[in-house]
Amino acid sequence: MATARTTALSALIATRRQGAWSDGVLKQYIARDGLDRRDAALASQLCYGVLQNRALLEYALSQVLSGKFKDLQPVVADILLLGAYQVLLLERVPDSAAVNEAVEQCKTYGNRRAAGLVNGVLRSLSRQKGSLKQPDDLETRYSHPAALVALLRENLPEGTLEAFLAADNAPAPMTLQYNPLKTQPQSVWDELTAAGVRLTPHPWLPDCMLAEGAGDLTKLAAFCEGRVYVQDAAAALAARCAGARPGMRVLDVCAAPGGKSFAMAARMENRGEAISCDIHPHKIALIEKGAQRLGIENITARVQDAAARCEEFVERMDIVLADVPCSGLGVIRKKPDIRYKDLAPLERLPQVQRAILENVSAYVKPGGVLLYSTCTVLRRENEDVAQAFLQAHPEFCVEVLALPDGLRVTDTRFVTLLPGQHDCDGFFICKMRKQA
């Protein structure tokens, strides 16, 4: 029978061998192993914990290993990292349980002769954990590759780098937004509280709640029946800044899984039209299913490449939202393995982003809005793309964003949000209006 630890190990092995994303792999293996809610949560914590702290764990293990960590059989290294995370960073798991399970995993998944090494190393780590040397450099302390830290240092405001890296290794808060088509804020607050969910008002985003203890959201009636939905505060802010109103025609060109489309459509009170596009056909069904759950009747989901011109859209949209493909460096805390991806291909992204922005700008009717957003913090994908577009298109002008009380940013025209400062995803928002 599978345990949380074996599921976590399977996911770590798969992400290493296949280069797959850990969140998708975890979901697959949790379902395969039939884990209950408690074990599923532990498996996720273990897998993400290793990915978030890999360099730090290697640094600790190197102090009790007789040889070099890089010379270990890969699966033995995975087992040691998983055991070390439990011994060093997970207080509620007894060291003995972590060590014993690691030894059994080594016998089953690795080299039986290495089981003695795993046992000795993890027991030494347990005995010496109070006296281990701590790393001085940010790269090891927060387990971010040196090249990524250097890139972030170039792009983040002075004094924010360490808080950003620390936030990448912290759990993301669950932000819930109420659905005005089906309920009112106080009503859903009372319902969720009665169901045992611990809620606090979001510090700067009206009508949103931070939730703890929600467990499996799909088991809550408020979620299943569409009275609330999950949306990070940064994405919710982008949808809010777009300014959708009843009767408008709104286009979301890179929409999946549909959260910003839903938020705009809800503000339209099912009056007008919201068109939600994505290049991947299999994601259209996800958008349609979400809209049905939320009672949104004015969304049309369709396959459409954001970089390919669609004549029927030209100058017909009050709002075009372009949340473009990006490096994703603002969501590392949700996808910890992003930090280990090759940085070189990211240099080509601004070209893709500029092409999308150039194409979809034609869909904005005079007086309408083009909202450009990403979930990264790199200037070359954010301000540089927006400013190059504005320079080439004098018919568009950037607008100062009307931000909610409590949210403080350095520039209200080119807004960058940081996880270590604003407690949301790293995100960029720029609102441009086409002159009438």
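The coordinates are above.
Quick caveat: nothing in here was measured; it's all calculated off a predicted structure. (Residues numbered from 1 in each chain as written. Predicted model: local features only at pLDDT ≥ 70, side-chain atom pairs only at ≥ 80, totals over all residues. Heavy atoms only, no water.)

**Section: the nonpolar core**
Ranked by internal contacts, the top residues of the largest apolar core, which has 51 residues, are L61, L80, V118, L122 and L125. Elements with a minimum of two residues in this core: helix 1 (4-18), helix 2 (22-33), helix 3 (37-52), helix 4 (54-62), helix 5 (74-89), helix 6 (95-109) and helix 7 (115-128). The contacts of V118, once residues within four sequence positions are left out, are V76, I79, L80, A102, V103 and C106. Among the nonpolar cores identified, the runner-up in size contains 42 residues, and A236, A244, L371 and C424 belong to it. (Core = buried A, V, L, I, M, F, W, Y, C linked by side-chain atoms within 4.5 Å. Buried < 20%, exposed > 50% of the residue type's maximum accessible area, 1.4 Å probe, protein only. Helix = DSSP H or I, 4+ residues; strand = E, 2+ residues; numbered from the N terminus. Contact = heavy atoms within 4.5 Å.)

**Points about the pairing of strand 9 (residues 364-374)**
In the case of a regular strand, side chains alternate between the two sheet surfaces. The buried fraction of strand 9 amounts to eight of the eleven residues, a majority that puts the element mostly inside the structure. When strand 8 (residues 317-323) meets strand 9, the two strands line up parallel, connected through six bridges. Following the sheet pairing, L321 is matched in strand 9 by L371. Here six bridges tie strand 9 to strand 12 (residues 427-434), and the two strands are oriented antiparallel to one another. Residue pairing in the sheet places V369 in a bridge with R433 of strand 12. (Pairing = 2+ DSSP bridges.)

**Quick notes on helix 6**
Within an α-helix, residues lying three or four positions from one another point in the same direction, as the helix has 3.6 residues per turn. With 15 residues, helix 6 should cover 21 Å at 1.5 Å per step; its first-to-last C-alpha distance of 21 Å lies within 8% of that length. Burial in helix 6 covers these residues: D95, A98, V99, E101, A102, V103, Q105 and C106. Each element contacted by the buried residues of helix 6 is listed here: helix 1, helix 5 and helix 7. (Expected span 1.5 Å × (residues − 1).)

**Regarding the environment of V369**
Secondary-structure assignment places V369 in strand 9. Considered as a pair, V369 and S44 are 325 residues apart in the sequence and their alpha carbons are 40 Å apart. Discounting residues that sit within four places of it in the chain, V369 has contacts with A242, D318, I319, V320, V364, K431, M432 and R433.

**Let's talk about helix 3**
Its 16 residues place the ends of helix 3 22 Å apart at the C-alpha level, agreeing with the 22 Å of an ideal helix rising 1.5 Å per residue. The set of residues buried in helix 3 consists of A40, L42, A43, S44, L46, C47, G49, V50, L51 and Q52. In the core, the buried residues of helix 3 are packed alongside helix 1, helix 2, helix 4, helix 5 and helix 10 (161-168).

**Some details on the environment of T108**
Looking at where T108 falls in the secondary structure, it is placed in helix 6. Taking the relative accessible area as the measure of exposure, T108 reaches 59% and is therefore exposed. T108 sits 178 residues away from L286 along the chain, and the two C-alpha atoms are 38 Å apart.

**Observations concerning the sheet that holds strand 4 (residues 228-230)**
The strand order 2-3-1-4 describes an open sheet built from four strands, whose pairing is antiparallel. Two strands close off the open sheet at either side, each with one partner strand: strand 2 (198-201) and strand 4. Averaged over all pairs of adjacent strands, the angle between their axes in this sheet comes to 35 degrees, without regard to strand direction. The pairing of strand 1 (residues 174-178) with strand 4 spans three bridges and is classified as antiparallel. Along strand 4, the bridge assignment pairs Y178 with V228. (Axes fitted to C-alpha atoms, helices over the stretch in contact; angles between N-to-C directions.)

**Quick notes on the packing of helix 13 (residues 233-242) against helix 14 (residues 259-267)**
Pairs of packed helices are described in terms of their axes, by the angle between the two and the distance that separates them. Where helix 13 meets helix 14, the axes come as close as 9 Å, and the angle between the chain directions of the two elements is 40 degrees. Taken together, the axis directions place helix 13 and helix 14 in an arrangement best described as oblique. Crossing angle aside, the handedness with which helix 13 passes helix 14 is right-handed. Contacts from A235, A238, A239, R240 and A242 in helix 13 reach K260, A263, M264 and R267 in helix 14. The residue inventory of the contact of helix 13 with helix 14, partitioned by class, reads six nonpolar, no polar and three charged. (Parallel < 35°, antiparallel > 145°, perpendicular 65-115°, else oblique. Left-handed = near helix turned anticlockwise from the far one by under 90°. Nonpolar A, V, L, I, M, F, W, Y, C, P; charged D, E, K, R; others polar.)

**Looking at the packing of aromatic side chains**
Scanning all chains against the criterion turns up three aromatic pairs. Pairing F313 with Y363 gives two aromatic rings, centres 5.4 Å apart and planes at 80 degrees, and the pair type is edge-to-face. With F313 in the loop between strand 7 (299-303) and strand 8 and Y363 in the loop between helix 16 (349-360) and strand 9, the pair connects residues that are 50 residues apart, well separated along the chain. Aromatic side chains Y372 and F428 sit 6.1 Å apart centroid to centroid with 70 degrees between the ring planes, which places their arrangement in the edge-to-face category. In this pair, Y372 is assigned in strand 9 and F428 in strand 12, connecting sequence segments 56 residues apart. Overall, Y372 belongs to the buried group, its relative accessible area being 0%. The class of F428 is buried, set by a relative accessible area of 0%. A cation over a ring is seen here: R54 above Y340, with NZ or CZ 3.9 Å from the ring centre. (Phe/Tyr/Trp six-rings, centres within 6.5 Å; stacked < 30°, edge-to-face > 60°. Lys NZ or Arg CZ within 6 Å of the ring centre and 35° of its normal.)

**Observations concerning the pattern of salt bridges**
In the structure shown here, the tally under the stated rule is 23 salt bridges. For the salt bridge of K129 with D95, the shortest nitrogen-to-oxygen distance reads 2.9 Å. You can see K129 sitting in the loop between helix 7 and helix 8 (138-141) and its partner D95 sitting in helix 6, a full 34 residues away along the chain. For K129, a relative accessible area of 37% gives the class partly exposed. One salt bridge in this structure joins E311 and R309, with 2.7 Å as the shortest N-O distance. (Salt bridge = Lys/Arg side-chain N within 4 Å of Asp/Glu carboxyl O.)

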